[in-house]
Amino acid sequence: MKKAQIELRENTIYSTSFDDIYFDSLEESEFVYANAFDFKEDENFIIAELGFGIGLNFFLCLERFYKQNKAKRLFYVSLEGFYIEPKYLRELYKKLGFYERFKENLEYFLSFYPKCKEGIYRFYFKNAFLDLVFKDENGVKELDFKADVWFLDGFNPKKNSKLFDESIIKELARLSKENTTLHTFSASSALQKNLKKFGFVVQKKRGFKKREMILASFKGLEIKDNKAYFARTYQKKVSRVAIIGSGIAGLSLAYELALRGIKCELFEKSKEIASGASGNESAILSSLILKKGVLLGEFSEFAFYEACRFYRQILALCPSGVLELAYNDLMKQRFLEQSSNILFNIDENKAFLEDGFNLDPKKICKDLFLKSGAKLHLEHDFLGFSYKDFFSLNFKDKPKQEGFDVLIYAMGSDSKDFVKYDFMKLSKVRGQLSLAKPFLKNSYPISSKGYVCVAKEDLQVFGASYDRLNESK
């Protein structure tokens, strides 16, 4: 990911890459963006932005959100193609004179600020979520939501024409609903033309210390595009969800859905939660290290890093780091190819993942369950479901449970018994851990062909052995 080339000139942030200023003043950001729309009385209000910059629009909107009494939750999605180091961000806020105003939320944001790596990163505030998308303007094509408000804040169209290109405006239309408003400091005729082409009604308004700026409202038809990576497949309003399984996956989902006001019920076949792999005494949070461009490796990296950020933000856990060792020539070649990857800190055949964890899975499950407020049904052995308007669930020797909008399998390998889609080739792999009295005084997990966790009281977990042909318990 590219780093922003910026300078501070007479209390104004200036981009040397685009030969343009970030903004004129705090008052301009309030006039053009943060104070230019009305919150709606709704469960969720979505603001989307092209050009996160130093995050000023977000912090202004967050401040205003906490003062309003209409929308229950704020979702803020912002794309940014140029990285600013967290220390420099703090310095900019101080030099520009509004650090104290935003200090509490800014410092929280900076404490979980991601590394200089493309990706989508979530920040959890009280009743508010920031999804910071570190990608160029084409990253908008991978997203799927329906914004209430759009901010176009990516420098002057003459200096950064890609951000206002016809193909990008089409994506903004796809991600808009009827009456979505679009705000920008620009009055560019080319931008007006592109907006009108894709269903926006454009009007000119008095600008901030300038003659005109654009205010647009989406009145076009819904644009469908199945290319979005996170494309929605379910449009019905969701109020009640059934989750089969009560391990880390199921409880993480229950927690996330609870933040959105959705009632969840967990169905566990055993006598207590976390009875499967999530009930292990210790576990490692690490990432696969594969060759560059391998999708499985990229998925593993992003899942690893977001899991780390989730545990830090939600459960206040601190990473211990994980040491990965290359144990054959293939692994050494992978380490060599990934030597510049900011997540891995590779030195020849060693990779230290400073964001890795030695986890206590059972405690994580208990903590997430308490935070989720989900209803728990123990000793409910799931047999299957029927669907007519709602899901009805069948259990062994238990009454039927009805009235669910969504059914989620979070059953680990047992999901294979219920998912029968030809395009989803699931398989079961029998794994086995070993427990012993502490034999190694390691302060972080060590992983190679096998792994050794940090000793926990009088036990140390190591392993693991696998057998794809053996499904026995």
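Structure's up top.
Residues numbered from 1 in each chain as written. Predicted model: local features only at pLDDT ≥ 70, side-chain atom pairs only at ≥ 80, totals over all residues. Heavy atoms only, no water.

In this section: the pairing of strand 24 (residues 398-404). One ladder, built from 4 bridges, connects strand 23 (residues 390-395) with strand 24; its direction is antiparallel. Bridging from a neighbouring strand, F395 pairs with K398 of strand 24. Linking strand 23 to strand 24, which pair antiparallel, is a turn of 2 residues; within it D397 sits at a positive phi near 60 degrees. (Pairing = 2+ DSSP bridges. Helix = DSSP H or I, 4+ residues; strand = E, 2+ residues; numbered from the N terminus.)

Now for the sheet that holds strand 4 (residues 20-21). The strand order across the open sheet formed by 3 strands is 2-3-4, and the pairing between neighbours is antiparallel. Where the open sheet ends on each side, the last strands, each with one partner, are strand 2 (6-9) and strand 4. By the bridge criterion, 4 bridges tie strand 2 to strand 3 (residues 12-15) in an arrangement that is antiparallel. Residue pairing for strand 3: R9 is matched across the bridge by T12. Against the sheet, helix 3 (residues 86-96) engages strand 2 and strand 3, with an angle of about 15 degrees to strand 2. (Contact = heavy atoms within 4.5 Å. Axes fitted to C-alpha atoms, helices over the stretch in contact; angles between N-to-C directions.)

Now for the pattern of salt bridges. Using the criterion set out here, one finds 30 salt bridges in the structure. With a closest N to O distance of 3.3 Å, E281 and K456 form a salt bridge. In this pair, E281 sits in the loop between strand 15 (263-267) and strand 16 (283-285) while K456 sits in the loop between strand 28 (451-452) and strand 29 (460-467), placing the two residues 175 residues apart along the sequence. A relative accessible area of 25% means that E281 is categorised as partly exposed. You can call K456 partly exposed: its relative accessible area is 24%. Here the residues in one salt-bridge network are R122, D131, E256 and R260, joined through shared partners. (Salt bridge = Lys/Arg side-chain N within 4 Å of Asp/Glu carboxyl O. Buried < 20%, exposed > 50% of the residue type's maximum accessible area, 1.4 Å probe, protein only.)

Right, let's talk about the nonpolar core for a bit. Residues I54, Y93, F109 and W150 are the most contacted members of the largest nonpolar core, which totals 121 residues. Apart from residues lying up to four places away in sequence, I54 is in contact with I13, F23, I84, L89, L92, Y93, L96 and F98. Grouped together as the second largest cluster of nonpolar side chains are 10 residues, I244, F267, F382 and L393 included. (Core = buried A, V, L, I, M, F, W, Y, C linked by side-chain atoms within 4.5 Å.)

Here we come to unusual backbone geometry. Here G463 and A464 are connected by a cis peptide whose omega angle stands at 0 degrees. Summarising the element assignment, A464 is placed in strand 29. The backbone of A274 sits at a positive phi, close to 55 degrees, despite the residue not being glycine. With respect to the helices and strands, A274 occurs in the loop between strand 15 and strand 16.

What the rule picks out here adds up to 46 aromatic pairs. On the basis of an interplanar angle of 70 degrees and a centroid distance of 5.2 Å, the ring pair of F37 and F39 is categorised as edge-to-face. Of the two residues, F37 and F39, neither departs from the other in class, the shared state being buried. Between F145 and W150, the aromatic rings sit 6.0 Å apart at their centres with planes inclined by 35 degrees, giving tilted as the arrangement. Directly above the ring of F37 sits R64, whose terminal nitrogen or CZ lies 4.7 Å from the centroid. (Phe/Tyr/Trp six-rings, centres within 6.5 Å; stacked < 30°, edge-to-face > 60°. Lys NZ or Arg CZ within 6 Å of the ring centre and 35° of its normal.)

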